[in-house]
Amino acid sequence: MQALLDAIASMPLPTEAGRVFHGRGGLHPGCEQWAMDAYPPVFVLTSFAPATEEELAAIGAALQARWAQIAPAGEPLNWVFQHRGEALRMQGRSETRLMAGAVPDPHTVTEAGARYRVHVLRGQNHGLFLDMAEGRRWVHDYAAARSADRYGLKVLNLFAYTCAFSVVALQAGARQVVNVDMSHGAIGIGQQNHQLNGITTGAAFLPHDIFSSWGKITRGGPYGLVIVDPPSYQKGSFVATKDYARLMRRLPDLLAPGGHALLCLNAPELGAAFLQDQMRELAPELAFVERVANPAVFADADADRSLKVLVYRAPDLVAPEPVTVTATAT
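Conventions adopted
- Residues numbered from 1 in each chain as written.
- Predicted model: local features only at pLDDT ≥ 70, side-chain atom pairs only at ≥ 80, totals over all residues.
- Heavy atoms only, no water.
- Helix = DSSP H or I, 4+ residues; strand = E, 2+ residues; numbered from the N terminus.
- Buried < 20%, exposed > 50% of the residue type's maximum accessible area, 1.4 Å probe, protein only.
- Contact = heavy atoms within 4.5 Å.
- Disulfide = S-S within 2.5 Å.
- Pairing = 2+ DSSP bridges.
- Axes fitted to C-alpha atoms, helices over the stretch in contact; angles between N-to-C directions.
- Phe/Tyr/Trp six-rings, centres within 6.5 Å; stacked < 30°, edge-to-face > 60°.
- Lys NZ or Arg CZ within 6 Å of the ring centre and 35° of its normal.
- Lys, Arg positive; Asp, Glu negative; His and termini not counted.
- Salt bridge = Lys/Arg side-chain N within 4 Å of Asp/Glu carboxyl O.
- Polar contact = N/O pair within 3.5 Å; in protein donor to acceptor, adjacent residues only side chain to side chain.
- Core = buried A, V, L, I, M, F, W, Y, C linked by side-chain atoms within 4.5 Å.

This part covers the overall build of the protein chain. In terms of regular secondary structure, the protein chain is built from 10 helices and 16 strands. Each principal axis of the C-alpha atoms in the protein chain carries an extent, and together these give about 100 × 40 × 35 Å. Counting over 330 residues, the protein chain shows a buried share of 49%. Sequence-distant contacts in the protein chain: of pairs separated by 6 or more residues, those separated by 24 or more amount to 66%.

Overall, the coordinates contain zero disulfides when judged by the stated rule. The cysteine Cys163 is free of any disulfide, with Cys264 supplying the nearest cysteine sulfur at 14 Å.

Take the sheet that holds strand E14 (residues 255–265) next. Read across the sheet, seven strands follow the order E10-E9-E8-E11-E14-E16-E15 without closing on themselves; strand pairing throughout is mixed. Of all strands in the sheet, those bounded by a partner on one side alone are strand E10 (203–206) and strand E15 (287–291). Strand-to-strand twist in this sheet, taken as the mean axis angle between neighbours without regard to direction, amounts to 15°. Inspection of the sheet shows E15 paired to strand E16 (residues 308–313) by four bridges, in the antiparallel sense. Paired with Phe288 across the strands is Tyr312, a residue of E16. Taken strand by strand, helix H4 (residues 133–145) contacts strand E11 (223–228), E14, E15 and E16, and its axis lies near 170° from that of E14. Packing against the sheet, helix H5 (residues 164–171) makes contact with strand E8 (154–158), strand E9 (176–180), E10, E11 and E14, and its axis sits at approximately 180° to E9.

Of all the residues in helix H8 (residues 240–248), the buried ones are Ala240, Asp243, Tyr244, Ala245, Leu247 and Met248. Residues of H8 that are buried in the fold lie against helix H7 (214–219), E11, strand E13 (238–239), helix H9 (251–254), E14 and helix H10 (272–282).

Most of strand E2 (residues 34–39) sits out of view: six of its six residues are buried. In E2, alternate side chains face the same way, and those of Trp34, Met36 and Ala38 on one face and Ala35, Asp37 and Tyr39 on the other are all buried. Bridge count between strand E1 (residues 18–22) and E2: four bridges; the pairing is antiparallel. Considered in E2, the bridge of Gly18 is made with Ala38. Taking the residues between adjacent antiparallel strands as the criterion, E2 and strand E3 (residues 42–47) are bridged by two residues.

So, on to the packing of aromatic side chains. Evaluation of the coordinates by the stated rule reveals eight aromatic pairs. Consider the rings of Phe43 and Trp67, whose centres lie 5.9 Å apart with planes at 90°: the pair is edge-to-face. Within this pair, whereas Phe43 is found in strand E3, its partner Trp67 is found in helix H2 (residues 53–70), the two being separated by 24 residues in sequence. Side by side, Phe43 and Trp67 carry an identical accessibility label, which is buried. The interplanar angle of 75° and the centroid separation of 6.0 Å between the aromatic rings of Phe238 and Tyr244 together place this pair among those described as edge-to-face. Each member of the pair, Phe238 together with Tyr244, is buried. Among the aromatic residues, those joined into a ring-pair cluster are Phe159, Phe211, Trp214, Phe238 and Tyr244. Between Arg246 and the ring centre of Phe211, over which it is positioned, the NZ or CZ distance is 3.9 Å.

Another point: the side chain of Arg84. Structurally, the position occupied by Arg84 is in the loop between strand E4 (79–83) and helix H3 (86–90). In this structure Arg84 is buried but unpaired, with Asp37 as the nearest side chain of opposite charge at 6.4 Å. In terms of polar contacts, Arg84 uses its side chain to reach the side chain of Gln82, at 2.5 Å. Within the local environment of Arg84, its side chain forms a polar contact with the backbone oxygen of Gln124, the two atoms lying 2.7 Å apart.

Here we come to the nonpolar core. If you look at the biggest cluster of nonpolar residues, it comprises 38 residues, and the most contacted ones within it are Val139 and Leu262. Elements with a contribution of two residues or more to this core: E3, strand E7 (114–118), H4, H5, E11, E14 and E16. When residues of this core are assigned to their parent elements, the largest contribution, six residues, is made by H5. Residues in contact with Leu262, not counting those within four places in the same chain, are Gly135, Trp138, Val139, Phe165, Leu225, Val226, Ile227, Val228, Val292, Val309, Leu310 and Val311.

Quick look at the pattern of salt bridges now. Evaluation of the coordinates by the stated rule reveals nine salt bridges. Note that Asp243 and Lys242 form a salt bridge whose closest N and O atoms lie 3.3 Å from each other. For Asp243, a relative accessible area of 3% puts it in the buried group. For Arg246, the salt bridge is made with Asp243, and the minimal N-O distance between the two is 3.0 Å. You can see Arg246 and its partner Asp243 sitting in helix H8, three residues apart, about one turn around the helix.

Here's what the structure looks like:
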């Protein structure tokens, strides 16, 4: 785990949420089980395989040594360890331990000027997916570029989770964002995130099963941007290999002319071709635009195993051909 220790020894003082070390990308041989994130003022170390007490002690010592060099005077080191071994993942579980210091309650972090509520002591999802930082930047820039449009940008945020996409879109000038997620708890945190950022209008929150709500969702359109960011596998809710196609078929009817769709997939076993091939078959009128790059710290030896964020564009409204009327003599 020397690469992890080296990353700790050279890290700057984190001021925003972000990844510190990404062993899962396969670029640091021998460190594939390790990831470290900063949710200031807390570090979160994650292991995807069993870790010994000796390993944790060595990492803790490295953190303490670096913290003594970079920390503001009097601020304690706070760090959490989470074990997500295969046996636990199969059960949808993880084991989390507070190793030093404390975790604020409530715990709020910042990213690119936006504030988000996080919870690092429970569950595997902490409230903000750090690998999606560039996706949020893309949405912010897209909304900002259309903030002066005559009717404003209307966004549909499917599988909204804690509504981070909604926050950045509205900050950038979107007129309205419709957030849909079946988790009442996640939607509740999403509402708090809007309040944290002083956003009081423009957001709608629908705690519904998307597949049972197409009538309401469609009536609210069309949308200039549709964001699709589902879990890759959630028993009883969404399985990418069979359910993503159901979303793709809906996109042409949901998008306004010239509108864009942002398709996201974080399943290492499914490459970008999984999305691209199905889009060509199920929504051929939508044109592929680009794949949004992941944050540099999430670099992966195999790009197809990393987060996939693909952009598609609907065709512009085609004006009808002018009708030529030829006068005839009577």
